[in-house]
Amino acid sequence: MSLTNVFDIAGSGMNAQSIRLNTTASNIANAESASSSVDETYRARKPWFAVMQKEFMSVNQKGEFQQLEGETGVGVQVLGIVEKDAPLQQRFQPDHPMANEDGYVYYPNVNVVEEMTDMMSSSRSYQMNVEVLKTAKQMLQRTLTLGQ
């Protein structure tokens with residue numbers, strides 16, 4: 001694996017974790033937002049990740065290109081942001097200004113403990129990708145100074 005691949009992989013990981021941090025922050029910010037209907041209630045969002053894969057070719061004994069067995073991961077991509085399908089919280093609060101005609105208020109399906117765990121995990125993953133980039137940069141700099 002070349003250093004440019006390391007930079008690409010770590011960079012894609014940082015991008016993915018940044019998106020994950022942003023969606024987690026949005027979920028926490030909206031955790032207690034009230035609504036009078038199911039359709040208007042905020043729903044927790046999660047990024048949908050996928051491994052970016054690359055096929056490799058080799059030259060056989062006849063001089064022909066052939067695909068190597070399997071594929072290898074070359075980073076991560078965010079395919080989209082999806083809403084969680086967990087049920088919304090319905091609370092009976094007839095005195096609340098957002099209560100519907102039956103006295104119910106709807107709250108998002110955000111689990112703050114889960115969101116904080118996601119935030120810590122994505123923050124650490126981001127930091128690890130930064131460390132990989134720093135190490136790759138140092139290795140590249142040391143390689144360039146070998147000939148001096």
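In case you missed it, the structure is sitting above this.
Let us look at the structure shown here. (Residues numbered from 1 in each chain as written. Predicted model: local features only at pLDDT ≥ 70, side-chain atom pairs only at ≥ 80, totals over all residues. Heavy atoms only, no water.)

What about the overall build of the chain?
From N to C terminus, the chain includes two helices and six strands. The helix and strand sequence of the chain, counted from the amino end, reads α-β-β-β-β-β-β-α. Look at the contacts in the chain between residues 6 or more apart in sequence, and 65% of them connect residues 24 or more apart. Counting every atom, the chain has about 10,100 Å² of accessible surface; 53% of that belongs to carbon and sulfur. (Helix = DSSP H or I, 4+ residues; strand = E, 2+ residues; numbered from the N terminus. Contact = heavy atoms within 4.5 Å. Areas by Shrake-Rupley, 256 points an atom, 1.4 Å probe, with all protein chains shown as cover.)

Remarks on the packing of aromatic side chains
With the rule as written, the count across this model stands at one aromatic pair. Note on F92 and Y104: the rings are 5.4 Å apart at their centroids and 65° apart in plane angle, and the pair reads as edge-to-face. You can see F92 sitting in strand β5 (residues 89-92) and its partner Y104 sitting in strand β6 (residues 104-107), a full twelve residues away along the chain. By relative accessible area, which is 29% here, Y104 ends up partly exposed. When the ring centre of Y107 is taken as reference, the NZ or CZ atom of R91 above it lies at 3.9 Å. (Phe/Tyr/Trp six-rings, centres within 6.5 Å; stacked < 30°, edge-to-face > 60°. Buried < 20%, exposed > 50% of the residue type's maximum accessible area, 1.4 Å probe, protein only. Lys NZ or Arg CZ within 6 Å of the ring centre and 35° of its normal.)

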